[in-house]
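Now for the letters of each chain:
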Amino acid sequence: MAGLRIDHIVYATRDLDQAVSDLADRLGVSSSAGGRHVGVGTHNYLLGLADDAYLELIGPDPSQSVPAGQPLPFGIDALDRPKLAGFAVKAPHIDDVVARARADGDDPGDGRGMQRATPDGRLLEWRLTLGGSHQGLVPFLIDWLDSPHPSRSAPGGCRLVSLRGEHPDPDVVRKANRALGVELDVVQGPAPVLVAAIDTPKGRIELR
C-alpha cells in the first residue's frame, strides 16, 4: 500500500472483553486499554503494529448511555461476529486532503473533533472524517493534532505486513481510494472483506 500512510486498523466487536482475550491467544501479545470514546458509547484496546501504526479493538462501553436509536460506529450493533471493520490513514492537514478528494469526485466527509478519556485520566483529542465507506475498504482520515500518537504507548511485538481487500466491484473501491491518494490492493470477491497480514510472536496471521 502506497500514498497516505496507515494510522490504524479497526477490529470491531460486540464483546470487547472476549475479543481482547481471543486475539491475545491468537497473536501471542496482549493489548492494553485505550480508553472511552465519550458520548459515542464505545471503548477500546490498542496493540502496536510498528511503523507508527496500531490495531484498535473497539466495542460497546457498558459504562456509557447513548440516546435511543444512536448507532455505534463501524456497524457494531449489527455484528454477528468480530471483524476487521475499517482503517484510518494519517492526514495531518485533513481539510486539504478532504478538498482534494472532493475535487477528484469522492467525498470523505468533513473533519470533526473527537476525544477519548484514557485510563490514567488524560483526554486525547483529534479530528477525523466519518466518510470511510464500502464496508471498510475506503479509509477514514485522522489528524491527531497535538495529542501523542496511540502507537507510542501501545504494547508492541507485532507488525502490520500488508492490508488488502475483496469486493464484488473492485473498480468502485479503487476509484474512491485514488481520490484520497490511497492505494489498496483490492480484488474481486463475493462480499466486501478487509484483510490484514500481521507478523506476531506466533507467526504470520491474517485478520479479517
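As shown above, the structure is provided for reference.
Notes on the structure in this doc start here.

Rules and cut-offs
Residues numbered from 1 in each chain as written. Predicted model: local features only at pLDDT ≥ 70, side-chain atom pairs only at ≥ 80, totals over all residues. Heavy atoms only, no water. Pairing = 2+ DSSP bridges. Helix = DSSP H or I, 4+ residues; strand = E, 2+ residues; numbered from the N terminus. Axes fitted to C-alpha atoms, helices over the stretch in contact; angles between N-to-C directions. Contact = heavy atoms within 4.5 Å. 1 Å grid on protein atoms, 1.4 Å probe; cavity = no way out; pocket = protein on both sides within 12 Å on 5 of 7 lines; lining within 4 Å. Points joined across faces, edges and corners; volume = space filled by probe spheres on them. Nonpolar A, V, L, I, M, F, W, Y, C, P; charged D, E, K, R; others polar. Polar contact = N/O pair within 3.5 Å; in protein donor to acceptor, adjacent residues only side chain to side chain.

1. Brief notes about the sheet that holds strand 12 (residues 185-188)
Read across the sheet, four strands follow the order 12-10-13-14 without closing on themselves; strand pairing throughout is mixed. The outermost strands of the open sheet, each flanked by one partner alone, are strand 12 and strand 14 (203-207). Going from strand to strand, the sheet's axes swing by 25° on average, the running direction of each strand aside. Pairing geometry for strand 10 (residues 159-167) and strand 13 (residues 193-200), over seven bridges, is antiparallel. What sits directly across from Glu166, in strand 13, is Val193. Relative to the sheet, helix 1 (residues 16-27) contacts strand 13 and strand 14, its axis offset from that of strand 14 by approximately 145°. Against the sheet, helix 3 (residues 170-180) makes contact with strand 10 and strand 12, and its axis sits at roughly 165° relative to strand 12, the strand it touches most.

2. A look at the layout of surface pockets
Roughly 720 Å³ of volume is contained in the largest pocket. What lines the largest pocket is a set of 35 residues, and nearest its centre among them are Pro73, Phe74, Gly75, Leu130 and Phe140. Where the lining of the largest pocket is concerned, the elements lending two or more residues are strand 4 (42-48), strand 5 (54-60), strand 6 (83-90), strand 7 (112-117), strand 8 (123-128) and strand 9 (140-143). Of the residues forming the lining of the largest pocket, the biggest block, four residues, is contributed by strand 6. Class assignment for the residues of the lining of the largest pocket results in 19 nonpolar, twelve polar and four charged.

3. With respect to empty space enclosed by the protein
Gaps between atoms show up when a probe of the same size as a water molecule is rolled over them. Considering all chains together, one arrives at one cavity of 30 Å³ or more under this definition. Size it by volume and the largest cavity reaches roughly 50 Å³. Looking at the lining of the largest cavity element by element, the count peaks at four residues for helix 1. Within the lining of the largest cavity, the residues separate by chemical class into eight nonpolar, two polar and no charged.

4. Re the side chain of His37
Its place among the elements puts His37 in strand 3 (residues 32-37). In this structure the side chain of His37 is engaged in a polar contact, spanning 3.4 Å, whose partner is the side chain of Asn44. Those residues in contact with His37 that sit more than four places away from it in its chain are Thr42, His43, Asn44, Glu56, Ile58, Gln64, Gln115, Arg116 and Trp126.

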